[in-house]
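# Residue-level structure breakdown
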Amino acid sequence: MLACVKLTQRVASHPGLLAVAGTRLKHTLPDLAYDYGALEPTISAEIMQLHHSKHHATYVNNLNVAEEKLAEAQAKGDVTTEIALGPALKFNGGGHLNHSIFWTNLSPNGGGEPQGEVLEAINRDFGSFENLKKKMSAASVAVQGSGWGWLGYDKENNRLSIAACANQDPLQATTGLIPLLGIDVWEHAYYLQYKNVRPDYVNAIWNVVSWENINERFLAAKK
Amino acid sequence: MAVQQVFCTIIFVVTILSNASAQDSTPSPRRQPKWCPVEVQEVKPYRVRSGSRTECRRACTWNRFCCEFNIIPVYTTAYRQVSRQEWKCCDDTVPCPDKTVSVDTPYKGIQLFADEYPVPPLPYEYDALEPYIDERTARVHHLGHHAGYTKKMNAALKAWRDEVGPGVGLQSNSILHILENLDQVPDKHRTAIRNNGGGFVNHAIYWATMSPRREGEPPRLPEATLATEIIANFQNFSNFQEQFTNTAKTLFGSGYVWLSRNPREQTLIIHTTANQDSPISDKLRPILVIDIWEHAYYLKHQNKRPDHIQDWWALVDWGQVKALSDWWAAYDAGHDEL
């Protein structure tokens, strides 16, 4: 009897089987494509470790919790609770989305000039890479409190656009722009290294930005 | 010439008389007495470690020498120059009440008009809040963030005042009065005043309601009248503390958690503000605050905000909270000599 229960538990906790059974898959923390220390000296290993294994992990965990509560509320037809869960889903869902994009935007081989089709788009919409860098840095530094600076793609008008979002508000859901590059300006993203000097962090991050990834995202967005 | 002089004198007298009669009412959009901050230097003694001596804890068994030492620190008294702020009347045309205002608390002075507000000094040394708030955080928080907000606020006020020119209006009032009437600040300047003026005042209240904690100090609790009020609004102190802590734990992004008085209903409420928004703009009277921006705790606690909240409770000075509450009462009653 006990063995039967244990077997069922083991089977039930297998993610693939859960999917087959029609249960929602839990979100997981994506791995980084590089070591925590790989982005030194631009972003310290300590920051990367805390940012990824603590902050992003917390968003993932809290998102899973919120989604479970949502599923329960939906099953019961409890619309009040569904609505009340909105902010938690936005914070944690946004946090998970934003950081997942961010880790791929950065690379130890990053920096330098934009490449590929996105370079043409940058020159067309901003005049030059320098101009984009200046505008996007200014927008990121100017974020009040916590938030993100974004380079996004406006599909409707076929142009690149700079935007800033507060807290973990996700770019696409908030503005309709497709995210290409995000700069996290929450204090946890830079404080241990740069303290209150956010401009230094924002200027430095361009040294580890992966244009390959941004170009990939741009091509995917245009389709 | 003589006619001109007589004419000027008449105008002068009329101006003074009309100003004098308007002098003792509560601040409103009209010319106010002008106070200027003055730095006063003072030499104060303090205890400093001058060295150490050793004390034998255990003598060796095989010889007459000492094998284990205790190191006992030795202190001596040293002196250092400490600066304090006082506000003195500095405008001749609109005389001030006959007093010098001494700023022994960071928020005193926000109710006065100034061309340029100085960064209020901390009421304690940067390392005095250890081990609850580390010295590095206190320094960067005060000299980096608080000072930054002060500078930008002064710039925003100057830009606004220069644009409007001389004369009465909301811009010729104290930052406190301006924050109370934030919706009347012109669109062009409102964001800068809201963020930086808010940052200036919010941090002043944060520093003011904390104080260094001595080793072995018993738990700090509010005194009689404040305790009664807390119980009336929150059933008991423990409930209040729990509610405040939970609010602080779950606040998203950057902001503050406040205990404020609603003067119209005479209730105490726990509420939050985002970024540098101030309860003053909601016509509330804040008496206690915790700064939940990551810069307030990241160097010491990193992502562990609950630890910061716990450490902060150890520093809350209920005497100062009561003093701030009384200060608001005096301000609302219209006394200038705050």
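Residues numbered from 1 in each chain as written. Chains lettered and ligands numbered in written order. Predicted model: local features only at pLDDT ≥ 70, side-chain atom pairs only at ≥ 80, totals over all residues. Heavy atoms only, no water.

### Description of the UniProt feature "domain: Manganese/iron superoxide dismutase N-terminal" (unreviewed entry) in chain B
Those places that UniProt annotates as "domain: Manganese/iron superoxide dismutase N-terminal" (unreviewed entry) correspond, in this numbering, to residues 117-211 of chain B. Counted over residues 117-211 of chain B, helix gives 61% and strand 0%. Its end C-alpha atoms are 23 Å apart. (UniProt positions renumbered as here; feature names shortened; annotations may be inferred. Helix = DSSP H or I, 4+ residues; strand = E, 2+ residues; numbered from the N terminus.)

### Section: the sheet that holds strand S1 (residues 147-154) of chain A
Residues and elements named next belong to chain A. The three strands lie next to each other as S2-S1-S3, forming an open sheet whose pairing is antiparallel. Only two strands of the sheet have a single partner each, and these edge strands are strand S2 (159-166) and strand S3 (178-184). Sheet twist, expressed as the mean angle between neighbouring strand axes with direction ignored, is 25°. Where S1 meets S2, eight bridges bridge the pair, whose relative direction is antiparallel. Looking at the pairing, glycine 152 lines up with serine 161 of S2. The strands touched by helix H11 (residues 211-222) are S1, S2 and S3; relative to S3, the strand with the most contacts, the crossing angle is about 150°. (Pairing = 2+ DSSP bridges. Axes fitted to C-alpha atoms, helices over the stretch in contact; angles between N-to-C directions. Contact = heavy atoms within 4.5 Å.)

### Quick notes on helix H6 (residues 117-126) of chain A
Residue and element names in this part refer to chain A. Those residues of H6 lying buried are Val118, Ala121, Ile122, Asp125 and Phe126. The buried residues of H6 all sit within an arc of 105° when viewed along its axis, so they share a single face. Where H6 is buried, its residues touch helix H7 (129-141), S1, S2 and H11. (Buried < 20%, exposed > 50% of the residue type's maximum accessible area, 1.4 Å probe, protein only. Arc of directions from axis to C-beta.)

### A word on the pattern of salt bridges
Residues and elements named next belong to chain B. Evaluation of the coordinates by the stated rule reveals 18 salt bridges over all chains. Across the pair arginine 139 and glutamate 135 runs a salt bridge, and its minimum N-O distance is 3.0 Å. Taken together, the residues span about one helical turn, with arginine 139 and glutamate 135 both in helix H2 (residues 135-164) at a distance of four residues. For glutamate 135, a relative accessible area of 28% puts it in the partly exposed group. A salt bridge links arginine 220 to glutamate 217; the shortest N-O distance between them is 2.6 Å. One exposure class covers both arginine 220 and glutamate 217, and it is buried. A single network of salt bridges, built from pairs that share partners, joins Arg57, Arg58 and Glu68. (Salt bridge = Lys/Arg side-chain N within 4 Å of Asp/Glu carboxyl O.)

### Considering unusual backbone geometry
Cis geometry marks the peptide bond from A:Glu40 to A:Pro41, where omega comes out at -5°. Omega for the peptide link from B:Glu130 to B:Pro131 comes to -5°, which places this bond in the cis form. Among the secondary structure elements, B:Pro131 is positioned in the loop between strand S3 (101-103) and H2. Even without glycine at this site, A:Asn167 takes up a positive phi of about 50°. Inspection of the secondary structure assignment puts A:Asn167 in the loop between S2 and helix H8 (171-175). A positive phi angle, close to 60°, is found at B:Lys283, a residue other than glycine. Counting through the fold element by element, B:Lys283 comes out in the loop between strand S5 (267-274) and strand S6 (285-291).

### A closer look at the interface of chain B and chain A
In this complex, chain B contributes 16 residues to the contact, which on the side of chain A involves 17 residues. Together, the buried faces of chain B and chain A total about 1,800 Å²; carbon and sulfur atoms form 61% of this surface. Three residues stand out in chain B for area buried against chain A, namely B:Phe252, B:Glu294 and B:Tyr298, and they jointly supply 39% of the buried area on that side. Linking chain B with chain A are zero salt bridges, by the criterion used here. Summed over the shared surface of chain B and chain A, the result is six residue pairs in polar contact (both at pLDDT 80 or more). Listing elements by their share of the side of chain B that touches chain A, those giving two or more residues are H2 and helix H7 (298-301) of chain B. Of the residues forming the side of chain B that touches chain A, the biggest block, four residues, is contributed by H2(B). Within the side of chain B that touches chain A, the residues separate by chemical class into five nonpolar, nine polar and two charged. (Buried area = accessible area lost by both parts, 1.4 Å probe. Polar contact = N/O pair within 3.5 Å; in protein donor to acceptor, adjacent residues only side chain to side chain. Nonpolar A, V, L, I, M, F, W, Y, C, P; charged D, E, K, R; others polar.)

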